[in-house]
Amino acid sequence: MKAPLSWLRDYVEIVLPPEELASRLALTGTEVERVEPLGAPGDDAVQELFVVGKVVEREKHPDADKLSVCRVDVGEESPRTIVCGAPNVAAGQTVAVVLPGAVLANGMKIGEAKLRGVKSSGMILSGAELGFEAKSEGIMVLPEEWKAGERLAEHLPVSDWLLDVEVTPNRPDCLSIKGLAREIAAITERPFVEGQDFAFPVSERPVEEDISIEVPASDLCPRYAARVIRGVTVGPSPTWLKARITAAGMRPVNNVVDVTNYVMWSLGQPLHAFDLASVAGNKIIVRRAQPGEGIRTLDDTQRTLTDDMLVIADAEKPSVIAGIMGSIDSEVTESTTDILLEAANFARSSILKTESALSLRSESSTRFEKGLDPNMIPPALDMACALLTELAGGEVSRGTVDIQAATVEPWQLELRVARVSQLLGIEVTKAEMADILRRLGCQVEDAGDRLRVTIPTFRLDLEREIDLVEEVVRIYGLERLPAAQPCRRSGGGGLTEGQRKVRRAEDLLAGAGLTQVVVYSFIDPVWLTALRLSAESPEAKPVVIRNPLSVEQSVMRTMLLPGLLAVAARNRAMREERIHLFEVGRTFHPERPSEFGGGLPREVNGLGFVLSGPVVEKHWEEEIRPSDFYAAKGLVERLLEGLGVAASFGRTDKPFLHPGKAAHVLVGGQEVGWVGEVHPLVLQAFDLPEGVVAAELDLDVLSAMGRSLTVFEDLITYPAVEQDLALVVDQNLQADRVLRVVGEAGGPLLREARVFDVYEGPQVGAGRRSLALRLTFRSSERTLSEEEINRLRSEMLPVLRERLGAELRS
């Protein structure tokens, strides 16, 4: 909710700077999202340059058809000459004037200037230039009784501050200027101005002659009240009202609609004004809608209602979707002369259900859905009637039609003084507790070792003793509570084994120069089509969302890859050349329906990455190496090694990967993921260049397989011994299988085996391939002798010959 400080000052004196006030509110549970300046920037000295002026003379500019030369009295010895381009400027008007040296809200600096040869010393302002209107067709004409030379700030908020407040669902009382001011008064210990008694002209005509009201759906509308105002003149609102409505984020419409919005913002009670002439049969019926009944709302949308929705209807048709939005048929127009003014209280569950079903929310429904005080209705009607008769004329018919299903009275709670200190761990005196609760609007009586507290009806959230304890401590100051360690030793937190492994994986990838991203779990179904998946593929059968925010977010992701490609494409569009990204997140897979109904989707924790561009950042001394399959495979190997998992790789034919440049990842014979270059057609669909490589791994499986304890091994005391071994094998035999058999044959003293060269040619024969391996032997207990190494090597060769058909290359 947007709350201008000038409006809050109607109820409380504000002495703190805006930023400090926002901080104090946040510490007591009312979060302020931002603090914004409103209007002209500057201090009090600058505001002195905004004054009330009287147009003494107005003449046509001698050299410009659309300009006027005005003599304006601004309270100085002689009138100022001001050139004005507004078509509605005229002699005798009271206007807003800004003098040279000031700066407007839009940043425009005002100085003396010659306009077509005539010196202009100031500027006559429009509502838009002061920030009171989105667009103005002419200058702002002020009330005649305002005196020339007065500071404009005495009448209008020339320069102000705006608090954008995030109100929690349990505090609908703070969704109003008055409620927020009460909170500020309690926090800052300043007097709170409860309000004023409103007076307005009342006719002898009883309201019962103007309107009759029936409430058959009293379970959804516990209170409905209405008054009638006859003889109004609908027109533009005065400047001060436009200023406040605009600052609060609403659009000025006319004096009647603006008053209803003003009262809602001031007190928190939504109102609705009907054109009485449009109410068929002079009857209002608060009822449930008929199945399939339609209504065209003020946003010019035809809506179909269901029988669990509440409407405000006349004798023929629905006029309002209760608590949410009215219809075009009953809106107030310039021809309206008689008004039916409604103030009601609706069941929050009904409002929530209806606005969700219709995908329709409004400022009114935002308040009703949280639950409102039904006792706010009479003062809201009083304020609205006083303002309407003042600004639009007319008289209020005698009396109020007020139908209540039940009354809501203040209730009492007892607060044990010792209990407060016991829970908080500090001593708060009874007097301090009583003072805090009184400042919040409660009535407090001393009852010995406890306080008897009468809760006002606008605080529906105060139901138990612990709620009062919370009120005391948040106003007393949470920051004043001592910091202490928990007494329970077993209460310490920590990460689970699975969480530690996920953190380890994130650290490994971040250490390798990748940037972690977070992508929506909701994706566009078109993305799955772009991956060239077959209709039978499990990844092509996502969980469909029943009420998506948009078509682009209508299914749950079955893979991390499409989201990562979309992020890469967005970065590429921003001219990023090196795009190395990874994500740790969940994918979602439909479960078969059980005999008891549909099951929840199966969620899998996964890790994925994409690499595009050079492997490392460009450097003028180094050759640029692009990211390729081997860079991605090496990154997967590094990751799995860090997790304590021994993996192997095999060919794969996944449709979204490049044939011949892709592999699946195996751990203990189980597939845990894939790595490879993304297929060119997939990259084309995502508007990415060729050569993007990616991988995706199942973290749930890896977390269960990886080692949980890292054991120290001495690598320095006894040196390693390296030997090279050239084996001739079948050219279709995968190198990964050769390395796996070599590792098994070498025993515990063989610490590493890797391929460093491959040869195919006449020296090894047709259909054969030579693999050059570098073997690393090491013992943690002794230095290995040459005889031991040769013996191990001799023992390995028969095993390799038997299992792989390998021969030692001569």
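Starting afresh in each chain, residues are numbered from 1 along the sequence in its written order. Totals for whole chains, interfaces and linings use all residues, but because this is a predicted model, local features are given only for residues with pLDDT of at least 70 and pairs of side-chain atoms are given and counted only at 80 or more. Note that water and hydrogens are dropped before the side-chain values are worked out from all heavy atoms of the structure.

Which residues make up the overall build of the chain, and what values go with them?
Numbering of helices and strands runs from the N terminus; a helix is a DSSP stretch of H or I covering at least four residues, while a strand is a stretch of E covering at least two. Of regular secondary structure, the chain possesses 20 helices and 39 strands. Considering only C-alpha atoms, the chain reaches an extent of 120 × 80 × 60 Å along its principal axes. Scored against the burial criterion, the 810 residues of the chain give a buried share of 48%. Only heavy atoms matter for contacts: two residues are in contact if any of them lie within 4.5 Å across the pair. Counting only contacts in the chain whose residues sit at least 6 apart along the sequence, the fraction spanning at least 24 positions is 69%. In this scheme, a residue with accessible area under 20% of its type's maximum is buried, one over 50% is exposed, and one in between is partly exposed, where area comes from a 1.4 Å probe on protein chains only.

Report on the pattern of salt bridges, specifying residues and quantitative values.
Think of a salt bridge as a Lys or Arg side-chain nitrogen and an Asp or Glu carboxyl oxygen that are within 4 Å of each other. Across all of its chains, the model carries 52 salt bridges by this definition. For the salt bridge of glutamate 194 with arginine 182, the shortest nitrogen-to-oxygen distance reads 3.8 Å. With glutamate 194 in the loop between α4 (177-188) and β11 (202-206) and arginine 182 in helix α4, this pair connects stretches of sequence that are 12 residues apart. A residue is classified by how much of its surface remains accessible, and glutamate 194, at 49% relative accessible area, is partly exposed. For arginine 182, a relative accessible area of 9% puts it in the buried group. Among the ionic pairs, arginine 625 bridges to aspartate 628, the shortest N-O distance being 3.4 Å.

I'd love a proper account of the nonpolar core, names of residues and values included.
Remark: nonpolar core denotes a set of buried residues (Ala, Val, Leu, Ile, Met, Phe, Trp, Tyr, Cys) joined through side-chain atoms within 4.5 Å. Formed by 82 residues in total, the largest nonpolar core has its most connected members in Leu8, Leu163, Val263 and Leu415. Residue contributions to this core peak at 9 residues, all from helix α9 (residues 377-392). Residue contacts for leucine 415: discarding those within four places in its chain leaves Val420, Met433, Leu437, Arg450, Leu451, Glu465, Leu468, Val469 and Val472. In terms of nonpolar packing, the next biggest core, distinct from the first, is built from 38 residues, Ala217, Val228, Ile312 and Leu358 among them.

How would you explain the side chain of serine 364 if you had to name every residue and give the values?
Considering the arrangement of structural elements, one finds serine 364 in helix α8 (residues 363-368). Apart from the residues within four sequence positions on either side, serine 364 is in contact with Met264, Pro270 and Gly323.

A description of the packing of aromatic side chains should follow, citing residues and the corresponding values.
The aromatic pairing rule takes the rings of Phe, Tyr and Trp, using the six-membered ring of Trp, and pairs them if the centres are within 6.5 Å, calling planes under 30 degrees apart stacked, those over 60 edge-to-face and the rest tilted. If you walk through the whole model with that rule in mind, you get 7 aromatic pairs. Aromatic pair tryptophan 240 and tyrosine 262: ring centres 5.6 Å apart, planes at 85°, arrangement edge-to-face. In this pair, tryptophan 240 is assigned in helix α5 (residues 239-247) and tyrosine 262 in helix α6 (residues 255-267), connecting sequence segments 22 residues apart. Owing to a relative accessible area of 26%, tryptophan 240 belongs among the partly exposed residues under this scheme. A connected cluster of aromatic rings, assembled from ring pairs, spans Trp7, Trp240 and Tyr262. Over the ring of phenylalanine 458 we find arginine 182; its NZ or CZ atom is 4.0 Å from the centre of that ring. By definition here, charges over rings are those cases where NZ of Lys or CZ of Arg is within 6 Å of the ring centre and within 35 degrees of the ring normal. The ring of phenylalanine 756 is capped by arginine 774, whose NZ or CZ atom sits 4.5 Å from the centre of that ring.

I'd like a rundown of the environment of glutamate 786, residues and numbers included.
Inspection of the secondary structure assignment puts glutamate 786 in helix α20 (residues 786-804). A relative accessible area of 58% places glutamate 786 in the exposed class. Considered as a pair, glutamate 786 and valine 721 are 65 residues apart in the sequence and their alpha carbons are 8.8 Å apart.

Quick rundown of the domain arrangement of the chain? Include the residues and the values.
Per the annotation, domain bounds derive from an automatic or database assignment of domains. For the chain, the assigned domains read domain 1 (2-38 + 165-188), domain 2 (44-157), domain 3 (202-404), domain 4 (411-480), domain 5 (497-705) and domain 6 (721-808). The straight-line distance from the C-alpha centre of domain 2 to that of domain 3 is 39 Å. Residue-level contacts link 8 residues of domain 2 with 5 residues of domain 3. Two parts placed together each lose some accessible area under a 1.4 Å probe, and the buried area is that loss summed for both. Surface buried jointly by domain 2 and domain 3 totals about 520 Å² across both partners, of which 66% is contributed by carbon and sulfur atoms. Summed over the three residues of domain 2 that lose the most area to domain 3, namely Phe132, Glu133 and Leu156, the buried surface amounts to 64% of that side.

Mind laying out the sheet that holds strand β12 (residues 212-214), listing which residues take part and the relevant values?
The pairing criterion is simple: DSSP has to find at least two bridges between the two strands. Spatially, 5 strands are ordered β12-β15-β18-β19-β20 in an open sheet, and the strand pairing comes out mixed. At either margin of the open sheet sits one strand with a lone partner, and together these are β12 and β20 (325-326). By the bridge criterion, 4 bridges tie strand β15 (residues 283-288) to strand β18 (residues 310-313) in an arrangement that is antiparallel. Residue pairing for β18: arginine 288 is matched across the bridge by leucine 310.

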